[in-house]
Amino acid sequence: MRDENRNSPFTPGSPVPVELFVGRATQIKEVIRCLNHVSTGRQENVFLSGDRGIGKSSLSSFLSRYASNKNDFIAIHVFLGGVTTLSDMIQRIFDKLLKNTSDKPWFGKIASLFGKFIKEVGLFGISVGFSPPEKDLKELVGNFPEALHHLIKAIEPNRKGLFIALDDINGLAEMPAFANWYKSFVDYVATHYDNFPVFMMLIGLPEKRDSLSNLQPSLMRIFRVIDIEKLTDSEVKGFFEKAFNEVDISVEKEALHVLLQYSSGLPVLMHEIGDATFLIDEDGIIDERDAFSGIVAAADRIGKKYLDPQVYRALRSNRYRSILRKLADQPLTREFKKSKVEERLNDPEKKVFHNFLTRMRKLGIIESDIEKARGNYRFVNEIYPVYIWMESQSASH
Ligand SMILES: Nc1ncnc2c1ncn2[C@@H]1O[C@H](COP(=O)(O)OP(=O)(O)O)[C@@H](O)[C@H]1O
Ligand SMILES: [Mg+2]
(Lines give C-alpha, C1' and ligand atoms only; values in the text may rest on other atoms or scores of the structure.)
(Ligands and ions follow the chains in the order given, each with its own letter.)
Protein backbone atom coordinates (compact mmCIF):
# COMPACT_ATOMS: atom_id res chain seq x y z
CA MET A 1 0.00 0.00 0.00
CA ARG A 2 1.05 3.51 -0.63
CA ASP A 3 1.23 6.17 2.04
CA GLU A 4 -0.87 8.99 0.62
CA ASN A 5 0.54 11.57 2.98
CA ARG A 6 3.97 11.45 1.48
CA ASN A 7 4.97 14.41 -0.67
CA SER A 8 6.87 13.99 -3.87
CA PRO A 9 10.61 13.74 -3.26
CA PHE A 10 11.24 15.33 -6.64
CA THR A 11 11.99 19.02 -7.01
CA PRO A 12 11.60 20.02 -10.64
CA GLY A 13 12.66 23.62 -10.93
CA SER A 14 14.62 24.06 -7.72
CA PRO A 15 18.07 22.97 -6.59
CA VAL A 16 18.09 19.41 -5.35
CA PRO A 17 18.27 18.77 -1.59
CA VAL A 18 21.60 17.23 -0.51
CA GLU A 19 20.11 13.83 0.31
CA LEU A 20 19.19 13.35 -3.33
CA PHE A 21 22.22 14.95 -4.88
CA VAL A 22 24.03 12.54 -7.21
CA GLY A 23 27.22 12.61 -9.28
CA ARG A 24 29.62 15.50 -9.93
CA ALA A 25 32.39 13.79 -7.95
CA THR A 26 35.21 15.13 -10.17
CA GLN A 27 33.99 18.71 -10.01
CA ILE A 28 33.43 18.54 -6.26
CA LYS A 29 36.95 17.24 -5.71
CA GLU A 30 38.39 20.03 -7.79
CA VAL A 31 36.48 22.68 -5.87
CA ILE A 32 37.47 21.17 -2.54
CA ARG A 33 41.11 21.45 -3.57
CA CYS A 34 40.46 25.09 -4.45
CA LEU A 35 38.76 25.76 -1.14
CA ASN A 36 41.71 24.39 0.77
CA HIS A 37 43.91 26.66 -1.24
CA VAL A 38 41.66 29.61 -0.46
CA SER A 39 41.88 28.78 3.25
CA THR A 40 45.57 29.61 3.06
CA GLY A 41 44.71 33.13 1.97
CA ARG A 42 44.66 32.94 -1.84
CA GLN A 43 41.73 34.11 -3.90
CA GLU A 44 40.38 31.58 -6.40
CA ASN A 45 38.05 32.27 -9.32
CA VAL A 46 35.91 29.60 -10.89
CA PHE A 47 33.53 29.75 -13.81
CA LEU A 48 30.94 26.99 -13.52
CA SER A 49 29.30 26.43 -16.85
CA GLY A 50 26.71 24.07 -18.27
CA ASP A 51 23.45 24.07 -20.15
CA ARG A 52 20.11 25.00 -18.66
CA GLY A 53 18.81 22.37 -16.27
CA ILE A 54 22.07 20.45 -16.11
CA GLY A 55 22.51 21.15 -12.39
CA LYS A 56 24.69 24.25 -11.95
CA SER A 57 22.63 25.81 -9.18
CA SER A 58 22.32 22.46 -7.42
CA LEU A 59 26.06 21.91 -7.49
CA SER A 60 26.59 25.43 -6.24
CA SER A 61 24.21 24.89 -3.30
CA PHE A 62 25.99 21.68 -2.49
CA LEU A 63 29.39 23.39 -2.58
CA SER A 64 28.35 26.40 -0.55
CA ARG A 65 27.03 24.11 2.15
CA TYR A 66 30.29 22.24 2.07
CA ALA A 67 32.37 25.42 2.32
CA SER A 68 30.29 26.57 5.23
CA ASN A 69 30.39 23.27 7.16
CA LYS A 70 33.84 21.93 6.35
CA ASN A 71 35.94 25.00 5.63
CA ASP A 72 34.27 27.28 8.16
CA PHE A 73 33.56 29.84 5.47
CA ILE A 74 30.78 32.33 5.18
CA ALA A 75 29.10 30.99 2.07
CA ILE A 76 26.56 32.77 -0.06
CA HIS A 77 24.83 31.76 -3.27
CA VAL A 78 23.42 34.83 -4.98
CA PHE A 79 20.96 34.64 -7.87
CA LEU A 80 21.54 37.43 -10.35
CA GLY A 81 19.06 36.49 -13.04
CA GLY A 82 17.65 39.66 -14.55
CA VAL A 83 20.27 41.88 -12.91
CA THR A 84 21.84 44.25 -15.42
CA THR A 85 23.68 46.83 -13.34
CA LEU A 86 26.72 46.55 -11.11
CA SER A 87 24.95 48.48 -8.34
CA ASP A 88 22.13 45.95 -8.26
CA MET A 89 24.62 43.15 -8.22
CA ILE A 90 26.53 44.64 -5.29
CA GLN A 91 23.32 45.30 -3.39
CA ARG A 92 22.30 41.65 -3.78
CA ILE A 93 25.69 40.36 -2.70
CA PHE A 94 25.81 42.38 0.50
CA ASP A 95 22.15 41.82 1.20
CA LYS A 96 22.78 38.08 1.05
CA LEU A 97 25.85 38.38 3.26
CA LEU A 98 23.77 40.14 5.88
CA LYS A 99 20.84 37.74 5.72
CA ASN A 100 23.14 34.78 5.81
CA THR A 101 24.92 35.86 8.97
CA SER A 102 22.08 37.56 10.84
CA ASP A 103 21.64 34.60 13.20
CA LYS A 104 25.33 34.16 13.91
CA PRO A 105 27.00 35.29 17.13
CA TRP A 106 29.46 37.45 15.21
CA PHE A 107 26.75 39.25 13.26
CA GLY A 108 27.39 42.42 15.26
CA LYS A 109 30.83 42.75 13.71
CA ILE A 110 29.43 42.53 10.22
CA ALA A 111 26.51 44.77 10.95
CA SER A 112 28.82 47.50 12.21
CA LEU A 113 30.56 47.53 8.82
CA PHE A 114 27.29 48.14 7.06
CA GLY A 115 26.34 50.88 9.46
CA LYS A 116 23.16 52.78 8.92
CA PHE A 117 22.17 51.07 5.69
CA ILE A 118 20.92 47.97 7.35
CA LYS A 119 17.20 47.86 7.26
CA GLU A 120 15.09 45.54 9.31
CA VAL A 121 12.51 43.92 7.13
CA GLY A 122 9.76 41.47 7.85
CA LEU A 123 6.89 41.70 10.25
CA PHE A 124 8.85 41.49 13.47
CA GLY A 125 12.13 42.84 12.20
CA ILE A 126 13.27 39.25 12.00
CA SER A 127 15.18 39.53 8.83
CA VAL A 128 17.59 42.19 7.70
CA GLY A 129 18.19 43.85 4.38
CA PHE A 130 20.77 46.08 2.82
CA SER A 131 19.49 49.16 1.05
CA PRO A 132 21.84 52.08 0.78
CA PRO A 133 21.24 54.96 -1.63
CA GLU A 134 22.43 54.52 -5.19
CA LYS A 135 25.46 56.75 -4.73
CA ASP A 136 26.78 54.60 -1.88
CA LEU A 137 26.17 51.46 -3.90
CA LYS A 138 28.16 52.93 -6.76
CA GLU A 139 31.01 53.60 -4.38
CA LEU A 140 30.81 50.08 -3.08
CA VAL A 141 31.08 48.75 -6.65
CA GLY A 142 34.45 50.48 -6.90
CA ASN A 143 35.53 49.57 -3.39
CA PHE A 144 34.49 45.93 -3.57
CA PRO A 145 37.95 44.52 -2.78
CA GLU A 146 38.39 46.78 0.25
CA ALA A 147 34.91 46.02 1.50
CA LEU A 148 35.57 42.28 1.35
CA HIS A 149 38.93 42.81 2.99
CA HIS A 150 37.30 44.60 5.92
CA LEU A 151 34.75 41.88 6.18
CA ILE A 152 37.41 39.19 6.27
CA LYS A 153 39.31 41.05 8.97
CA ALA A 154 36.16 41.42 11.02
CA ILE A 155 35.28 37.75 10.95
CA GLU A 156 38.79 36.33 11.08
CA PRO A 157 38.60 34.67 14.47
CA ASN A 158 35.26 33.07 13.63
CA ARG A 159 35.34 32.18 9.96
CA LYS A 160 38.21 31.26 7.65
CA GLY A 161 37.06 32.75 4.38
CA LEU A 162 34.31 33.72 1.99
CA PHE A 163 32.56 31.59 -0.60
CA ILE A 164 30.64 33.74 -3.06
CA ALA A 165 28.70 32.11 -5.88
CA LEU A 166 27.14 34.46 -8.40
CA ASP A 167 24.49 32.42 -10.16
CA ASP A 168 22.69 33.19 -13.43
CA ILE A 169 25.09 35.92 -14.48
CA ASN A 170 23.85 35.56 -18.06
CA GLY A 171 22.82 39.20 -18.34
CA LEU A 172 25.94 40.60 -16.69
CA ALA A 173 28.25 38.43 -18.78
CA GLU A 174 27.30 40.44 -21.82
CA MET A 175 28.24 43.78 -20.28
CA PRO A 176 31.72 45.24 -20.83
CA ALA A 177 31.32 47.06 -17.50
CA PHE A 178 31.00 43.74 -15.67
CA ALA A 179 33.96 42.14 -17.43
CA ASN A 180 36.12 45.17 -16.64
CA TRP A 181 34.92 45.36 -13.08
CA TYR A 182 35.82 41.73 -12.46
CA LYS A 183 39.23 42.15 -14.01
CA SER A 184 40.07 45.18 -11.87
CA PHE A 185 38.74 43.45 -8.76
CA VAL A 186 41.15 40.56 -9.27
CA ASP A 187 44.05 42.83 -10.22
CA TYR A 188 43.50 45.04 -7.20
CA VAL A 189 43.46 42.08 -4.84
CA ALA A 190 46.63 40.65 -6.36
CA THR A 191 48.53 43.89 -5.90
CA HIS A 192 47.18 44.93 -2.49
CA TYR A 193 46.55 41.96 -0.24
CA ASP A 194 48.63 39.01 0.90
CA ASN A 195 45.75 37.41 2.65
CA PHE A 196 42.49 37.32 0.72
CA PRO A 197 40.68 34.06 1.39
CA VAL A 198 37.86 34.50 -1.10
CA PHE A 199 36.43 31.85 -3.36
CA MET A 200 34.43 33.40 -6.20
CA MET A 201 32.34 31.31 -8.52
CA LEU A 202 30.50 32.72 -11.53
CA ILE A 203 27.77 30.50 -12.90
CA GLY A 204 26.30 30.68 -16.37
CA LEU A 205 25.68 29.08 -19.73
CA PRO A 206 28.74 27.99 -21.72
CA GLU A 207 28.21 30.73 -24.30
CA LYS A 208 28.33 33.36 -21.52
CA ARG A 209 31.84 32.26 -20.74
CA ASP A 210 32.73 32.96 -24.37
CA SER A 211 31.03 36.28 -24.20
CA LEU A 212 33.05 37.27 -21.11
CA SER A 213 36.30 36.20 -22.67
CA ASN A 214 35.52 38.20 -25.80
CA LEU A 215 34.86 41.27 -23.71
CA GLN A 216 37.95 40.88 -21.57
CA PRO A 217 40.34 38.25 -22.96
CA SER A 218 42.59 38.18 -19.91
CA LEU A 219 39.67 37.03 -17.75
CA MET A 220 39.99 33.55 -19.09
CA ARG A 221 43.42 33.21 -17.56
CA ILE A 222 41.89 34.18 -14.26
CA PHE A 223 39.11 31.64 -14.24
CA ARG A 224 39.39 27.98 -13.62
CA VAL A 225 36.61 26.63 -15.80
CA ILE A 226 34.48 23.82 -14.45
CA ASP A 227 32.00 22.29 -16.86
CA ILE A 228 29.15 20.05 -15.97
CA GLU A 229 27.54 17.65 -18.38
CA LYS A 230 25.03 14.84 -18.42
CA LEU A 231 24.84 12.40 -15.53
CA THR A 232 25.89 8.79 -16.16
CA ASP A 233 23.35 5.95 -16.30
CA SER A 234 24.37 4.66 -12.91
CA GLU A 235 24.04 8.14 -11.37
CA VAL A 236 20.54 8.54 -12.81
CA LYS A 237 19.57 5.05 -11.61
CA GLY A 238 20.98 5.79 -8.20
CA PHE A 239 18.95 8.97 -8.09
CA PHE A 240 15.63 7.26 -8.87
CA GLU A 241 16.31 4.51 -6.38
CA LYS A 242 17.13 6.96 -3.61
CA ALA A 243 14.21 9.27 -4.38
CA PHE A 244 11.53 6.57 -4.54
CA ASN A 245 13.05 4.75 -1.61
CA GLU A 246 12.68 7.90 0.45
CA VAL A 247 8.89 7.64 0.11
CA ASP A 248 8.80 3.84 0.39
CA ILE A 249 7.96 3.24 -3.25
CA SER A 250 9.67 0.41 -5.06
CA VAL A 251 10.60 0.51 -8.72
CA GLU A 252 10.58 -2.59 -10.89
CA LYS A 253 13.64 -3.21 -13.02
CA GLU A 254 11.94 -2.66 -16.38
CA ALA A 255 10.33 0.52 -15.10
CA LEU A 256 13.64 1.86 -13.86
CA HIS A 257 15.02 1.26 -17.30
CA VAL A 258 12.27 3.36 -18.88
CA LEU A 259 12.77 6.23 -16.42
CA LEU A 260 16.49 6.08 -17.07
CA GLN A 261 16.18 6.07 -20.83
CA TYR A 262 13.86 9.05 -21.13
CA SER A 263 15.79 11.11 -18.59
CA SER A 264 18.62 11.17 -21.13
CA GLY A 265 21.13 11.96 -18.39
CA LEU A 266 19.55 15.36 -17.79
CA PRO A 267 18.82 16.23 -14.15
CA VAL A 268 15.91 18.48 -15.04
CA LEU A 269 14.19 15.67 -16.98
CA MET A 270 14.87 13.15 -14.24
CA HIS A 271 12.93 15.31 -11.77
CA GLU A 272 10.04 16.03 -14.13
CA ILE A 273 9.74 12.35 -15.04
CA GLY A 274 10.12 11.20 -11.45
CA ASP A 275 7.51 13.65 -10.24
CA ALA A 276 4.98 12.75 -12.92
CA THR A 277 5.47 9.03 -12.25
CA PHE A 278 5.14 9.57 -8.52
CA LEU A 279 1.77 11.24 -9.08
CA ILE A 280 0.51 8.43 -11.29
CA ASP A 281 1.48 5.52 -9.07
CA GLU A 282 -1.25 4.24 -6.76
CA ASP A 283 0.06 1.07 -5.18
CA GLY A 284 3.56 1.94 -4.07
CA ILE A 285 5.15 -0.12 -6.84
CA ILE A 286 6.28 1.53 -10.04
CA ASP A 287 5.84 -0.97 -12.85
CA GLU A 288 6.54 -0.50 -16.53
CA ARG A 289 3.02 0.84 -17.18
CA ASP A 290 3.33 3.48 -14.48
CA ALA A 291 6.67 4.45 -15.95
CA PHE A 292 5.28 4.90 -19.47
CA SER A 293 2.29 6.87 -18.21
CA GLY A 294 4.76 8.98 -16.24
CA ILE A 295 6.77 9.62 -19.40
CA VAL A 296 3.69 10.79 -21.29
CA ALA A 297 2.62 13.08 -18.45
CA ALA A 298 6.14 14.44 -18.08
CA ALA A 299 6.47 14.98 -21.82
CA ASP A 300 3.33 17.07 -21.71
CA ARG A 301 4.64 19.19 -18.85
CA ILE A 302 8.12 19.54 -20.28
CA GLY A 303 6.77 20.35 -23.71
CA LYS A 304 4.50 23.05 -22.33
CA LYS A 305 7.34 24.55 -20.30
CA TYR A 306 10.22 24.34 -22.74
CA LEU A 307 8.93 23.61 -26.22
CA ASP A 308 5.74 25.64 -26.43
CA PRO A 309 7.29 28.98 -25.68
CA GLN A 310 10.55 28.34 -27.49
CA VAL A 311 9.60 26.27 -30.44
CA TYR A 312 5.94 26.38 -31.27
CA ARG A 313 5.77 30.11 -30.87
CA ALA A 314 9.10 30.71 -32.57
CA LEU A 315 8.05 28.51 -35.47
CA ARG A 316 5.16 30.71 -36.41
CA SER A 317 5.16 29.55 -39.97
CA ASN A 318 2.50 26.95 -40.69
CA ARG A 319 4.90 25.18 -42.95
CA TYR A 320 7.36 24.71 -40.10
CA ARG A 321 4.60 23.35 -37.95
CA SER A 322 3.45 20.86 -40.49
CA ILE A 323 7.03 19.68 -40.96
CA LEU A 324 7.30 19.24 -37.22
CA ARG A 325 4.18 17.09 -37.27
CA LYS A 326 5.44 15.00 -40.16
CA LEU A 327 8.67 14.52 -38.30
CA ALA A 328 6.70 12.88 -35.56
CA ASP A 329 4.06 10.95 -37.48
CA GLN A 330 6.33 7.96 -37.95
CA PRO A 331 7.10 5.58 -35.11
CA LEU A 332 8.88 7.65 -32.50
CA THR A 333 12.59 7.77 -32.69
CA ARG A 334 15.11 10.17 -31.35
CA GLU A 335 17.26 9.93 -34.48
CA PHE A 336 16.11 10.84 -37.95
CA LYS A 337 17.56 11.13 -41.42
CA LYS A 338 17.04 14.29 -43.39
CA SER A 339 16.41 12.39 -46.63
CA LYS A 340 13.85 10.07 -45.05
CA VAL A 341 11.80 12.96 -43.70
CA GLU A 342 12.08 14.80 -47.00
CA GLU A 343 10.27 11.96 -48.77
CA ARG A 344 7.17 12.77 -46.76
CA LEU A 345 7.18 16.51 -47.38
CA ASN A 346 5.32 18.40 -50.09
CA ASP A 347 7.13 20.84 -52.37
CA PRO A 348 6.62 24.05 -50.36
CA GLU A 349 7.72 22.21 -47.22
CA LYS A 350 10.77 20.83 -48.98
CA LYS A 351 11.83 24.36 -49.91
CA VAL A 352 12.01 25.48 -46.29
CA PHE A 353 13.19 22.21 -44.79
CA HIS A 354 16.83 23.21 -44.67
CA ASN A 355 16.02 26.46 -42.89
CA PHE A 356 13.72 24.58 -40.57
CA LEU A 357 16.55 22.28 -39.48
CA THR A 358 18.89 25.21 -38.95
CA ARG A 359 16.28 26.94 -36.84
CA MET A 360 15.63 23.83 -34.75
CA ARG A 361 19.33 23.47 -34.15
CA LYS A 362 19.64 27.08 -33.05
CA LEU A 363 16.73 26.61 -30.68
CA GLY A 364 18.55 23.70 -29.08
CA ILE A 365 15.93 21.11 -30.01
CA ILE A 366 17.93 18.95 -32.38
CA GLU A 367 21.61 18.39 -33.07
CA SER A 368 23.63 16.82 -35.87
CA ASP A 369 24.25 13.19 -35.10
CA ILE A 370 28.03 13.36 -35.27
CA GLU A 371 28.50 9.63 -34.87
CA LYS A 372 26.65 9.07 -38.12
CA ALA A 373 27.06 10.44 -41.63
CA ARG A 374 25.94 13.89 -42.78
CA GLY A 375 22.22 14.43 -42.93
CA ASN A 376 21.60 12.51 -39.71
CA TYR A 377 19.99 14.38 -36.87
CA ARG A 378 18.75 13.63 -33.40
CA PHE A 379 16.65 15.34 -30.78
CA VAL A 380 18.77 16.60 -27.89
CA ASN A 381 16.90 14.33 -25.51
CA GLU A 382 14.42 11.45 -25.57
CA ILE A 383 11.44 13.35 -24.32
CA TYR A 384 11.10 16.16 -26.87
CA PRO A 385 10.02 13.76 -29.64
CA VAL A 386 7.39 12.33 -27.28
CA TYR A 387 5.86 15.75 -26.85
CA ILE A 388 6.08 16.62 -30.53
CA TRP A 389 4.30 13.37 -31.30
CA MET A 390 1.63 14.12 -28.69
CA GLU A 391 1.14 17.59 -30.09
CA SER A 392 0.77 16.24 -33.60
CA GLN A 393 -1.80 13.69 -32.40
CA SER A 394 -3.91 16.34 -30.75
CA ALA A 395 -3.63 18.59 -33.81
CA SER A 396 -4.93 15.88 -36.13
CA HIS A 397 -8.03 15.19 -34.03
N1 LIG B 1 23.39 16.44 -9.01
C2 LIG B 1 22.04 16.38 -9.00
N3 LIG B 1 21.39 15.36 -8.43
C4 LIG B 1 20.04 15.30 -8.43
N5 LIG B 1 19.24 16.25 -8.99
C6 LIG B 1 19.83 17.31 -9.57
C7 LIG B 1 21.26 17.43 -9.62
N8 LIG B 1 21.56 18.56 -10.26
C9 LIG B 1 20.40 19.14 -10.60
N10 LIG B 1 19.34 18.41 -10.19
C11 LIG B 1 17.92 18.77 -10.42
O12 LIG B 1 17.80 19.12 -11.81
C13 LIG B 1 17.02 20.29 -12.00
C14 LIG B 1 17.86 21.39 -12.64
O15 LIG B 1 18.92 21.70 -11.77
P16 LIG B 1 19.50 23.16 -11.56
O17 LIG B 1 20.55 23.03 -10.52
O18 LIG B 1 18.41 24.14 -11.35
O19 LIG B 1 20.16 23.39 -13.00
P20 LIG B 1 20.78 24.71 -13.66
O21 LIG B 1 21.11 25.65 -12.56
O22 LIG B 1 21.99 24.22 -14.39
O23 LIG B 1 19.74 25.22 -14.61
C24 LIG B 1 16.48 20.66 -10.64
O25 LIG B 1 15.18 20.10 -10.52
C26 LIG B 1 17.44 20.00 -9.65
O27 LIG B 1 16.75 19.63 -8.48
MG1 LIG C 1 20.41 27.50 -12.19
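Undergrad: Even after reading the chapter, I still don't get the overall build of the protein chain, so can you show me in this structure?
TA: On a plain count of helices and strands, the protein chain comes out with 17 helices and 12 strands. Expressed as lengths along the three principal axes of its C-alpha atoms, the size of the protein chain is roughly 70 × 55 × 40 Å. Taking all 397 residues of the protein chain together, the buried fraction comes to 49%. Considering only contacts within the protein chain whose residues lie at least 6 apart along the sequence, 74% involve residues at least 24 apart. Here the protein chain displays about 19,500 Å² of accessible surface, and carbon together with sulfur accounts for 49% of that area. Each charge class in the protein chain was averaged separately, 54 positive and 53 negative side chains, and the resulting centres sit 6 Å apart.

Undergrad: What am I meant to see in the packing of helix 11 (residues 253-263) against helix 13 (residues 288-312) here?
TA: Geometry of a packed helix pair, given as the angle between the helix axes and the separation of the axes. Put simply, helix 11 and helix 13 touch, their axes get as near as 7 Å, and they point 20 degrees apart. When the interaxial angle is binned, helix 11 and helix 13 end up roughly parallel. Both helix 11 and helix 13 take part in a crossing whose hand is right-handed. Facing E254, A255, V258, L259 and Y262 of helix 11, the residues of helix 13 in contact are E288, A291, F292 and I295. Broken down by class, the residue content of the contact of helix 11 with helix 13 amounts to 7 nonpolar, no polar and 2 charged.

Undergrad: Please clarify how the packing of helix 6 (residues 144-155) against helix 7 (residues 176-192) should be interpreted in this entry.
TA: One way to put it is that helix 6 packs onto helix 7 with a least axis distance of 9 Å and a crossing angle of 50 degrees. Classified by the angle between their axes, helix 6 and helix 7 sit oblique to one another. Counted together, F144, P145, E146 and L148 of helix 6 and W181, F185, Y188 and V189 of helix 7 form the full contact between these two elements. Split into classes, the residues belonging to the contact of helix 6 with helix 7 amount to 7 nonpolar, no polar and 1 charged.

Each value, and the rule that gives it
Residues numbered from 1 in each chain as written. Chains lettered and ligands numbered in written order. Predicted model: local features only at pLDDT ≥ 70, side-chain atom pairs only at ≥ 80, totals over all residues. Heavy atoms only, no water. Helix = DSSP H or I, 4+ residues; strand = E, 2+ residues; numbered from the N terminus. Buried < 20%, exposed > 50% of the residue type's maximum accessible area, 1.4 Å probe, protein only. Contact = heavy atoms within 4.5 Å. Areas by Shrake-Rupley, 256 points an atom, 1.4 Å probe, with all protein chains shown as cover. Lys, Arg positive; Asp, Glu negative; His and termini not counted. Charge placed at Lys NZ, Arg CZ, Asp CG, Glu CD. Axes fitted to C-alpha atoms, helices over the stretch in contact; angles between N-to-C directions. Parallel < 35°, antiparallel > 145°, perpendicular 65-115°, else oblique. Left-handed = near helix turned anticlockwise from the far one by under 90°. Nonpolar A, V, L, I, M, F, W, Y, C, P; charged D, E, K, R; others polar.

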